Each structure stands twice: as C-alpha cells, then as structure tokens.
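Single-letter residue listing:
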Amino acid sequence: MRYHRYTHKGPPTMIRFRLKELIAEKGFQENRRVTLDEVSKETGIHRTTLSKIANQRGYNTTTEILDKLCIYFGVELQDVAQFVEDPECGS
C-alpha cells in the first residue's frame, strides 16, 4: 500500500471541541446559565451548528466559526479545540 508523505502513522487522532466546557465555565464565572441560543445570538453562529460542534463526534467546522468562538469566550484557539488521540479507533 502506498502512503502519501503526510499520512499519519501513529495512534488514531481527532480534534475535540470544548464548547460544552467553555459554556459551563462562562456560566460559573458569571453565576448564571449560558445557553446555546445565547451563544448563537452573540456570535452569529447558527444554533444547529453550535449543537453539532458540542455533540457530534468528528464534526468539521470553519476557521471563521472558531474565530467567533475564541472572541466570544475570550480564549485562545487551543482552549476551543484540542488535538487528541481517538480512543474509539483501533490502532
């Protein structure tokens, strides 16, 4: 089998979004409940997209959406998305 030179040969990996954690942290800091509807209204990101980011494993999104989330939560990109090994994929 021929591999492209950029083929990842280590353990299976994925990008994991931390949207649920960021919403919980913001709610805790501000002593109130933060909802996906609120995040949607403040960022201009459709609520369905936010729900997919929060709940759908392996969801793909754009850098524009990541930018908006970073600005809304006041965090760096690595606080929104993490590169992790995928425990459900076999080696």
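If you're wondering where the values come from, they're calculated on a predicted model, not measured in any experiment.

Thoughts on the confidence of the model for the protein chain
Part 1 of the argument: Taken as a whole, the protein chain shows an average pLDDT of 87; of its residues, 79% reach a score of 70 or greater.
Part 2 of the argument: Residue range residues 1-6 is modelled with pLDDT below 50. Its contacts to residues more than four positions away, or to other chains, number one contact.

As for unusual backbone geometry
Leaving glycine out, the prevailing phi sign among residues is negative, and the prevailing peptide bond configuration is trans.
Part 1 of the argument: Here the phi dihedral of Asn31 falls at roughly 55°; this positive angle occurs in a residue that is not glycine.
Part 2 of the argument: For Asn31, the position within the fold is in the loop between α1 (19-30) and α2 (36-43).
Part 3 of the argument: Asn31 gets classed as exposed once you look at its relative accessible area, which sits at 72%.

Re the packing of α1 against helix α4 (residues 63-73)
Part 1 of the argument: Where α1 meets α4, the closest approach of the two axes is 11 Å, and the angle between their N-to-C directions is 20°. Taken together, the axes of α1 and α4 lie roughly parallel to each other. The two elements α1 and α4 cross, and the hand of that crossing is left-handed. Where α1 approaches α4, its residues Leu19, Leu22, Ile23 and Lys26 are matched on the opposing element by Leu69, Tyr72 and Phe73.
Part 2 of the argument: Of the residues assigned to the contact of α1 with α4, the class counts are six nonpolar, no polar and one charged.

Reading the values: the criteria
Residues numbered from 1 in each chain as written. Predicted model: local features only at pLDDT ≥ 70, side-chain atom pairs only at ≥ 80, totals over all residues. Heavy atoms only, no water. pLDDT = per-residue confidence, 0-100. Contact = heavy atoms within 4.5 Å. Helix = DSSP H or I, 4+ residues; strand = E, 2+ residues; numbered from the N terminus. Buried < 20%, exposed > 50% of the residue type's maximum accessible area, 1.4 Å probe, protein only. Axes fitted to C-alpha atoms, helices over the stretch in contact; angles between N-to-C directions. Parallel < 35°, antiparallel > 145°, perpendicular 65-115°, else oblique. Left-handed = near helix turned anticlockwise from the far one by under 90°. Nonpolar A, V, L, I, M, F, W, Y, C, P; charged D, E, K, R; others polar.

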